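A look at the structure
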Amino acid sequence: MNAHALLGQSINLCAVTLLVLAFAMIAQRRILTLIHLFTLQGLALVVATVLVAHLTGDHHLYFSAAITLVLKVVLIPILLHRVIDRLHVRWDVETLFNIPTTMLIGIVLVVFAFQLADPIASLSASIARGTLGIALACVLLSFLMMIVRAKAVPQVIGFLSMENGLFFAATAATSGMPMIVELGIAFDVLVGILILGVFMFQIREQFDSLDIRHLERLKDD
Amino acid sequence: MLPLDWILLILAAWLLIGLAGVAALRNTSFVARVLFPLGAAGALAVAAAALAALFAGPQTTILPIGLPGLPFHLRLDALAAFFLLVIGVATAGISIFAAGYFRQGEGTPPGLMCLEYHVFVASMCLVVLADDAYAFMVMWETMALSSFFLVTANHRVEAIRRAGFLYLLVAHIGAIAILLCFGVLQANTGDYSFANMRAQQLSPLWSSAAFLLAIFGFGAKAGILPLHVWLPEAHPAAPSPVSALMSGVMLKTAIYALMRVAFDLLPLPLWWWGVVLLGLGLATALFGVVFSAVQTDMKRLLAYSSIENIGLLFVGIGLGLLFKAHDMGALSALALTAALYHVISHAFFKSLLFLATGSVLHATGERSLGKLGGLIRRMPWVAWLSLIGVLASAGLPPFSGFVAEWLLLQSFLFTTGLPSSFLNMLIPLVAAAVALVAALAGYVMVKFYGVIFLGQPREPKLGEAHPASPLERLGLLWLAAGCVLLGLVPVPLIELIDRVTRVLTQDGIAATVSAHGWLLLSPTSLERASYSPLVFLLAVLAVVYLTMLVVHRFYHGQLRTAPPWDCGYPAQTARMQDSAEGFGQPIRQIFGPVFRLERQLPTPFDPRPVYRVKVEDHFWHWLYRPLASLTDRLARAFAVLQQGRIAIYLLFSFVTLILTLLVARW
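Residues numbered from 1 in each chain as written. Chains lettered and ligands numbered in written order. Predicted model: local features only at pLDDT ≥ 70, side-chain atom pairs only at ≥ 80, totals over all residues. Heavy atoms only, no water.

So, on to the overall build of chain B. Scanning chain B from N- to C-terminus turns up 24 helices and four strands. Relative to the compact-globule value of 26 Å for 666 residues, chain B shows a C-alpha radius of gyration of 26 Å, a close match. Its C-alpha atoms give chain B principal-axis dimensions of about 100 × 70 × 60 Å. Looking at chain B as a whole, 54% of its 666 residues qualify as buried. A sequence separation of at least 24 residues applies to 78% of the contacts in chain B between residues at least 6 apart. (Helix = DSSP H or I, 4+ residues; strand = E, 2+ residues; numbered from the N terminus. Rg over C-alpha atoms; globule rule 2.2 N^0.38 Å. Buried < 20%, exposed > 50% of the residue type's maximum accessible area, 1.4 Å probe, protein only. Contact = heavy atoms within 4.5 Å.)

Here the focus is the overall build of chain A. A count of helical and extended segments in chain A gives seven helices and zero strands. Scanning chain A from its N terminus toward the C terminus, one meets helices and strands in the order α-α-α-α-α-α-α. Considering chain A as a whole, with its 221 residues, one finds that 52% of them fall into the buried category. Across chain A, the fraction of contacts at a sequence separation of at least 24, relative to all contacts at a separation of at least 6, is 75%. Summed over its atoms, the accessible surface of chain A is roughly 10,500 Å², and 69% of this surface lies on carbon and sulfur atoms. (Areas by Shrake-Rupley, 256 points an atom, 1.4 Å probe, with all protein chains shown as cover.)

Listed by partner, the interface residues are 16 residues for chain B and 17 residues for chain A. Here chain B packs against chain A, burying approximately 1,600 Å² in sum over the two surfaces, 77% of which is carbon and sulfur. When the area that chain B buries against chain A is broken down by residue, the three leading residues are Leu650(B), Phe654(B) and Arg665(B), summing to 35%. At the junction of chain B and chain A, the tally comes to zero salt bridges. Grouping the constituent residues of the side of chain B that touches chain A by class yields ten nonpolar, four polar and two charged. (Buried area = accessible area lost by both parts, 1.4 Å probe. Salt bridge = Lys/Arg side-chain N within 4 Å of Asp/Glu carboxyl O. Nonpolar A, V, L, I, M, F, W, Y, C, P; charged D, E, K, R; others polar.)

Moving on to helix 1 (residues 3-27) of chain A. Taking 1.5 Å per residue, 25 residues should reach 36 Å; helix 1 of chain A reaches 36 Å between its end C-alpha atoms and fits that length. Taken together, the buried positions of helix 1 of chain A are occupied by Gly8(A), Ile11(A), Cys14(A), Ala15(A), Leu18(A), Leu19(A), Leu21(A), Ala22(A), Phe23(A), Met25(A) and Ile26(A). (Expected span 1.5 Å × (residues − 1).)

All names here are of chain B. A cluster of nonpolar side chains, contributed by Trp-622, Leu-623, Leu-627, Leu-630, Leu-634, Phe-638, Leu-641, Tyr-649 and Phe-652, occupies part of the molecular surface with about 900 Å² of accessible area. Mapped by element, the contributors of at least two residues to the nonpolar patch are helix 23 (618-639) and helix 24 (646-665). Considering the arrangement of structural elements, one finds Leu-641 in the loop between helix 23 and helix 24. Using a relative accessible area of 44% as the deciding quantity, one classes Leu-641 as partly exposed. (Patch = residues over 30% accessible without salt bridge, like charges linked within 9 Å, V, L, I, M, F, W, Y side chains within 5 Å.)

Applying the stated criterion across every chain yields a total of 26 aromatic pairs over all chains. With centroids separated by 5.4 Å and ring planes inclined at 75°, the aromatic side chains of Phe136(B) and Phe182(B) adopt a geometry described as edge-to-face. With Phe136(B) in helix 5 (residues 133-151) and Phe182(B) in helix 6 (residues 158-185), this residue pair connects regions lying 46 residues apart in the sequence. Of the residues examined, Phe136(B) reaches a relative accessible area of 2% and is grouped as buried. Seen from the ring of Phe167(A), Lys72(A) lies directly overhead, with NZ or CZ sitting 5.0 Å from the centre. A cation over an aromatic ring shows up here: Lys221(B) above the ring of Trp140(B), its NZ or CZ 5.5 Å from the ring centre. (Phe/Tyr/Trp six-rings, centres within 6.5 Å; stacked < 30°, edge-to-face > 60°. Lys NZ or Arg CZ within 6 Å of the ring centre and 35° of its normal.)

Across the interface, helix 5 (residues 132-148) of chain A lies against helix 24 of chain B with an axial gap of 8 Å and an inter-helix angle of 155°. Taken as axis vectors, helix 5 of chain A and helix 24 of chain B run roughly antiparallel relative to one another. As for how helix 5 of chain A packs across helix 24 of chain B, the hand of that crossing is left-handed. Mapping the contact onto sequence places Leu140(A), Phe143(A), Leu144(A), Met146(A) and Ile147(A) in helix 5 of chain A and Ala647(B), Leu650(B), Leu651(B), Ser653(B), Phe654(B), Leu657(B) and Ile658(B) in helix 24 of chain B. Among the residues forming the contact of helix 5 of chain A with helix 24 of chain B, the class breakdown is eleven nonpolar, one polar and no charged. (Axes fitted to C-alpha atoms, helices over the stretch in contact; angles between N-to-C directions. Parallel < 35°, antiparallel > 145°, perpendicular 65-115°, else oblique. Left-handed = near helix turned anticlockwise from the far one by under 90°.)

Before going further, it helps to examine helix 9 (residues 230-237) of chain B. Residue and element names in this part refer to chain B. The element helix 9 is largely enclosed, with a buried count of seven among its eight residues. Taken as a whole, helix 9 has its buried residues at Trp-230, Leu-231, Pro-232, Ala-234, His-235, Pro-236 and Ala-237. Looking at the buried side of helix 9, the elements it contacts are helix 5, helix 6, helix 8 (204-222), helix 10 (240-265), helix 12 (298-325) and helix 13 (329-364).

All names here are of chain B. Applying the stated criterion to the full structure yields twelve salt bridges over all chains. Residues Glu-233 and Arg-300 are paired through a salt bridge, measuring 3.5 Å at the closest nitrogen-oxygen approach. Here Glu-233, found in helix 9, pairs with Arg-300, found in helix 12; they are 67 residues apart in sequence, far enough to count as distant. The class of Glu-233 is partly exposed, set by a relative accessible area of 28%. Arg-300 sits in the partly exposed class, given a relative accessible area of 22%. Here Asp-632 and Arg-636 are joined by a salt bridge, their closest N and O atoms 3.5 Å apart. A residue pair is termed a helical-turn pair when its members lie 3 or 4 positions apart in one helix, as Asp-632 and Arg-636 do in helix 23 at four residues. The class for Asp-632 is partly exposed, based on a relative accessible area of 40%. Because the salt bridges share partners, they merge into one network encompassing Arg-75, Asp-77, Asp-131, Arg-198, Arg-260 and Asp-264.

Turning our eyes to something else, we now look at the side chain of His228(B). Looking at the secondary structure, you find His228(B) in the loop between helix 8 and helix 9. The residues touching His228(B), leaving out its near neighbours within four places in the chain, are Gly223(B), Phe287(B), Ile307(B), Asp617(B) and Phe619(B).

For the rest of this paragraph, the subject is the confidence of the model for chain A. When the pLDDT values of chain A are averaged, the result is 80; 84% of them are 70 or greater. When pLDDT is averaged over each element of chain A, helix 2 (residues 31-56) of chain A comes out on top at 88 and helix 7 (residues 179-207) of chain A at the bottom at 75. (pLDDT = per-residue confidence, 0-100.)

With 224 residues, the main nonpolar core has Phe136(B) and Met259(B) as its most contacted residues. Considering every element that reaches this core, the biggest residue donor is helix 13 of chain B, with 21 residues. Those residues in contact with Met259(B) that lie beyond four places of it in its chain are Leu79(B), Phe83(B), Asp264(B), Ile317(B), Leu336(B), Ala339(B), Leu340(B) and Leu504(B). With 66 residues, the next largest nonpolar core counts Ile84(A), Leu109(A), Ile134(A) and Val153(A) among its residues. (Core = buried A, V, L, I, M, F, W, Y, C linked by side-chain atoms within 4.5 Å.)

Glancing now at the packing of helix 12 of chain B against helix 16 (residues 400-413) of chain B. Residues and elements named next belong to chain B. The geometry of helix 12 relative to helix 16 is characterised by a closest axis approach of 11 Å and an angle of 35° between their N-to-C directions. Handedness of the crossing formed by helix 12 with helix 16: left-handed. Mapping the contact onto sequence places Leu-312, Val-315, Gly-316, Leu-319 and Phe-323 in helix 12 and Glu-405, Leu-408, Ser-411 and Phe-412 in helix 16. Counted by class, the contact of helix 12 with helix 16 contains six nonpolar, two polar and one charged residues.

All names here are of chain B. Among the five residues in strand 2 (residues 72-76), four count as buried, and that is most of the element. Relative to strand 2, strand 1 (residues 59-63) runs antiparallel, the two sharing five bridges. Looking at strand 2, one finds that Gln-59 is bridged to Leu-76. (Pairing = 2+ DSSP bridges.)

On to the environment of Glu163(A), then. Considering the arrangement of structural elements, one finds Glu163(A) in helix 6 (residues 152-174). Sequence separation between Glu163(A) and Ile185(A) is 22 residues, and the spatial gap between their C-alpha atoms is 8.8 Å.

Residue and element names in this part refer to chain B. Summed over the entire model, instances satisfying the criterion amount to zero disulfides over all chains. The cysteine Cys-125 is free of any disulfide, with Cys-114 supplying the nearest cysteine sulfur at 15 Å. Overall, the relative accessible area of 0% leaves Cys-125 in the buried class. (Disulfide = S-S within 2.5 Å.)

Next up on the list: unusual backbone geometry. All names here are of chain B. With an omega of -5°, the peptide bond running from Leu-225 to Pro-226 counts as cis. Structurally, Pro-226 is set in the loop between helix 8 and helix 9. Backbone torsion omega between Pro-397 and Pro-398 reads 5°, so that peptide bond is classified as cis. Structurally, Pro-398 is set in the loop between helix 15 (380-393) and helix 16. With a phi close to 60°, Asn-188 is a non-glycine residue in the positive phi region. Turning to its location among the elements, Asn-188 is positioned in the loop between helix 6 and helix 7 (194-199). Positioned with a positive phi, Asp-327 is a non-glycine residue whose angle comes to about 65°. Assignment of secondary structure puts Asp-327 in the loop between helix 12 and helix 13.

As structure tokens, then:
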């Protein structure tokens, strides 16, 4: 087994890690652990990107990996930690939609994602083409997490993790997006998290809780 | 300088006049006495330039305004020039009248009115000049919006706001249809210039689609059945010069656009297009005239009368299309000449009548016919000048309305030459119905004039009615002069219209008409029909004079003033005269099923009897109410989706995503 094939297998390993982490996030109740899981997912993404960059020789993917590292492994987790410290929701155990049911739906979603990715992956000439299905599954699982969570912080994390999935899909299927697009997305995510942070403080101010069920009262009858 | 440049210069000047009005926002005397007469001078100049353009060939230019890469293409051909002439001459009279009309403290400040008014007029000119769909739509919408603000000048009154909303709604629904029509006409080439649309050879299916969309879109603006509902609401709501401008001029832009699309942009017409227009026009004309006969508000009466006239115009255009589809160019030109003659004649007399109602309204503060009467003694100028308008509107010789209706009936007489027996059977019926409409229009005008100006004042306050100001009289005089002149010497105008019909149908009737000189009008041949207005006028005058002479000579020979015979019933008051309701009652009986009546009759023992009658339109209850409630119900059904829960909203996106992916995958 040569080094090339080993690296390819390592990419698959990273992909699987991403998927497992996505499931772990769905199952996790505590917000602090959720942030740790998100950081780990970012790290796996960075490793996968570096591996793809090394295999394909696309130098701009190194930059992408660097940006991801700074943003998703360092900056955003720090921001999230500060938010939950300030809001004192560090140890919040949130009420959750029945976890086993959610996991089952998640499994169906993974199967669906693989079905979906099959024709695209066979067309793609990229090295990591087998991973497209996993990437799509990550996106869908994160979306699912946004739906079933009742509080604002986990929803934000779900949103960010969806972006992780998308980024991985881009790397896996097309060996990365143009640099300008990646920079744009990175910037969007950063701005998005700042705005969501402001919103979370505002929700807290208004309702003394981060439970978004309070927002239902805003509906116009 | 070419006529088109002059016209563009005047349009710019109008904008400046409007901006000057905004600068002097509340200075009523400056706006009214200086700016509006200037605007009227501009309108005259537009008319003169349009006249010059009728003799010159088509001109085009490109205005570098609008979006980048999408400049306004303008083209001044004979059709556009004719309608500019109509806009110019009618606006000149209306602006002069408006100079004497606007007073202090009526809703919108006068300076703003001045801006909206001149933007409105300028946008109508540009609608007519536009040579690509983009410029046309922008100007069409500018026209709708500026007239909306003019209609809602008195926006503190709720009924006026409602009328304005209805107007805007119908205008926008129509605009959607027009946009789609242009979309079909450009035949997927992506080039929206009219030159490109002319070059396209659409299949019958698509050209019919474009034609029907055009009828819907332009019919909404013109007030064709069943899209007429905004007209009787918006006209009474607007200040009188604005009503005059909308009814006399703006409705004509829709007629222009319909002619442009049907005769110029579309390929050779199909025969049934003409039948559709004939049917719609006839229904509209009958509907309008019957409803105007039962109105008790003088401006609503005129608004319904406008609906009737638009119907007649549609009939003329439909007949023109029918002849053109059967390749009978000369007859098509005759029908179109009748329609175009009616366009300019209606612009004169309907503006005149709306302005006269404005003078009456200012003098008495009263719009309801039931409270007017006997004004000929207090306001002789307005009364005598509106008599001319009324006679023209009733289609009586020797005024302009007669020439138009006579030409229209003449063109009906030739339909026996059509190759289809079905049409040959159908069209005499249509001609009979048109004659009925003309007769009923006369009835309506007798009611309008008799109740307002003749008889005794029905209210004591009418004794204090003040006559119209000199500028108002000047405006009325100009429009009345138009009615008389068009009635007496029709031949020169027909020679002008000939240039338009040559564009539309490649044929005209000027050659046959001018062969007999200016005094005699004979559209086909002397043996078939001829009309000599001057001789007619002389005969009428001579008969009247001789009768008077004979009466004076052989009867008393002097005037005797005495109380009229009171039927042996001495306690008479002015309220015992025939009223508007009473006069319209036979029509209400005969055409009973057409109306939706709500009547409240007092019992004979009621000490304070009140009689109330409300005449409504079936279309409200059969078409508009169901549509409105359907929209409401649909909206409520969709409101169920609005749960207020983020999770639900996310779920919607999630399900949509999954479904989209499924569809994309399999």
